[in-house]
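Chain and residue survey
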Amino acid sequence: MSRKVIISLVIILAIALLSVFYAKTKTQKSPLVLMTDFGVKDGAVAAMKGVALNLAPDLMIQDLTHEIPAYNIWEGAFRLQQTAPYWPTGTVFVCVVDPGVGTERKSIILKTKANHYYVGPDNGLFTLVAENEGVEEIREISAANRLPNSQNSYTFHGRDVFAYSGAKLASAGINFEEVGEKVADNKLVMLDYPKPKVENGLISGGIPILDIQYGNVWTNIDSKTTNQLGLKIGDKLSVEIFDGEKKVFEEEMPYVHTFGDVKEGENLCYMNSLLNLSFGINMDDFSKKYKVGSGTNWRVELRKL
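Residues numbered from 1 in each chain as written. Predicted model: local features only at pLDDT ≥ 70, side-chain atom pairs only at ≥ 80, totals over all residues. Heavy atoms only, no water.

1. Comments concerning the sheet that holds strand S11 (residues 236–243)
Sheet strands pair by backbone hydrogen bonding; their relative direction is either parallel or antiparallel. With antiparallel pairing, 5 strands are arranged side by side in an open sheet as S7-S8-S15-S11-S12. Of all the strands in the sheet, just strand S7 (197–199) and strand S12 (246–254) have a single pairing partner and so form its edges. Geometrically, the sheet is characterised by an average inter-axis angle of 25 degrees between neighbouring strands, direction not taken into account. Where S11 meets S12, 8 bridges bridge the pair, whose relative direction is antiparallel. From the neighbouring strand, Leu237 faces S12, where its bridge partner is Met253. (Pairing = 2+ DSSP bridges. Helix = DSSP H or I, 4+ residues; strand = E, 2+ residues; numbered from the N terminus. Axes fitted to C-alpha atoms, helices over the stretch in contact; angles between N-to-C directions.)

This is how it looks when you write it as structure tokens:
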């Protein structure tokens, strides 16, 4: 074999090995998405990002939001499931709404059947993504996957446990099996909330969240539920809204495509971007005007007229 042929073969082999290396490197990294109730007034979020980048300087880190109201586990659960479906498989979500930080509640990583990973406290924060995506497996984060020399810190698991272990997983520093021990029976803390249903011509459901910027009221009543009544554009609905057992709103409203289908200042029912029934006012704030809130205590009842 000539020297020229040997050199050519070496070059081809080197190119092939480099291609495999870069392909492997590319597929190993996953996006790391952060969601907290910390706000951005101090350095808490930046500290989490610093921990992650120290492990993997080329890691792609994105923010879901850091404006979850303080201690509001339910709102965190909703914002997470509102956003997660649009992220690629393999994405690692570090989620910190953790009023029980430092207590006996578990620190976990949930792998769903949609191949997303959710890192955070087992306090109900993963209720909706678990329901929507299905639970593949849950592992409790081991002491080996905690930021070194942080064992005397009890109140910042977002930095010391969740950002650190999430970054290790996203950067392929560990695989999922190395996170820690399996949680028996994939048992997960789940929040209780009003589910959408139809009974005797009455549709009921919950108000999980507000469209905060504009004051629209979003229910969890989906199109599959409204279709059971044959609801169609142009119909009128009788709407009642309750805070616990207290009725705070009752009115008839048209069911339309969008805000401009009614006059300015008029109420409307419509399907929001998640295809859930919602209430609004054209060019005004429904929640403020009628003092309507959101959460597991809020529910709605409606009939087609």
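2. Some thoughts on the layout of surface pockets
Its volume calculated, the largest pocket comes out at about 410 Å³. If you trace the largest pocket, you find 19 residues lining it, with Gln81, Asn132, Asn220, Asp222 and Asn276 closest to the centre. Elements with a minimum of two residues in the lining of the largest pocket: helix H3 (73–83), helix H4 (127–133), strand S10 (216–222) and helix H6 (223–227). No other element matches the 4 residues that H3 contributes to the lining of the largest pocket. The class makeup of the residues in the lining of the largest pocket is 10 nonpolar, 6 polar and 3 charged. Taken as a whole, the second largest pocket spans an internal volume of roughly 270 Å³. Taken together, 16 residues form the lining of the second largest pocket, with Arg105, Ser107, Arg146, His157 and Val161 sitting closest to its centre. By residue class, the composition of the lining of the second largest pocket is 4 nonpolar, 7 polar and 5 charged. (1 Å grid on protein atoms, 1.4 Å probe; cavity = no way out; pocket = protein on both sides within 12 Å on 5 of 7 lines; lining within 4 Å. Points joined across faces, edges and corners; volume = space filled by probe spheres on them. Nonpolar A, V, L, I, M, F, W, Y, C, P; charged D, E, K, R; others polar.)

3. Section: the packing of aromatic side chains
In total, this model carries 10 aromatic pairs according to the counting rule given. Taking 6.0 Å as the distance between ring centres and 45 degrees as the angle between the ring planes, the aromatic pair formed by Tyr118 and Phe126 counts as tilted. Assigned by exposure class, Tyr118 and Phe126 land together as buried. An aromatic cluster of at least three residues, connected via ring pairs, comprises Phe249, Phe279, Phe286 and Tyr290. Against the face of Tyr193 rests Lys195, its NZ or CZ located 4.0 Å from the ring centre. (Phe/Tyr/Trp six-rings, centres within 6.5 Å; stacked < 30°, edge-to-face > 60°. Buried < 20%, exposed > 50% of the residue type's maximum accessible area, 1.4 Å probe, protein only. Lys NZ or Arg CZ within 6 Å of the ring centre and 35° of its normal.)

4. Some details on the nonpolar core
Membership of the largest hydrophobic core comes to 25 residues, with the highest contact counts inside it found for Leu32, Leu59, Val94 and Ile109. Among the elements that make up this core, the one with the highest residue count is helix H5 (residues 157–170) (6 residues). In contact with Leu59, other than residues within four places in its own chain, are Lys29, Ser30, Leu32, Ala52, Leu53, Ala167, Ala170 and Ser171. Core analysis: the next-biggest nonpolar cluster, separate from the first, contains 23 residues, Ile207, Ile241, Cys269 and Leu302 among them. (Core = buried A, V, L, I, M, F, W, Y, C linked by side-chain atoms within 4.5 Å. Contact = heavy atoms within 4.5 Å.)

5. With respect to the packing of helix H2 (residues 44–55) against H5
Taken N-terminus to C-terminus, the directions of H2 and H5 make an angle of 35 degrees; their axes are 9 Å apart at the nearest point. Where H2 crosses over H5, the two elements pack in a sense that is right-handed. Across the interface between the two elements, Ala47, Met48, Val51, Ala52 and Leu55 of H2 pack against Gly158, Arg159, Ala163, Tyr164, Ala167 and Lys168 of H5. (Left-handed = near helix turned anticlockwise from the far one by under 90°.)

6. Observations regarding H2
Over its 12 residues, H2 extends 17 Å from the first C-alpha to the last, a length consistent with the 16 Å expected when each residue adds 1.5 Å. Within H2 the residues assigned to the buried category are Ala44, Val45, Met48, Val51 and Ala52. Seen from one end, H2 has its buried residues packed into an arc of 125 degrees, which puts them on one side. For H2, exposure combined with an orientation more than 90 degrees from the buried face picks out Ala46 and Asn54. Among the structural elements, strand S1 (32–36), strand S2 (61–65), strand S3 (92–96) and H5 are those in contact with the buried residues of H2. (Expected span 1.5 Å × (residues − 1). Arc of directions from axis to C-beta.)

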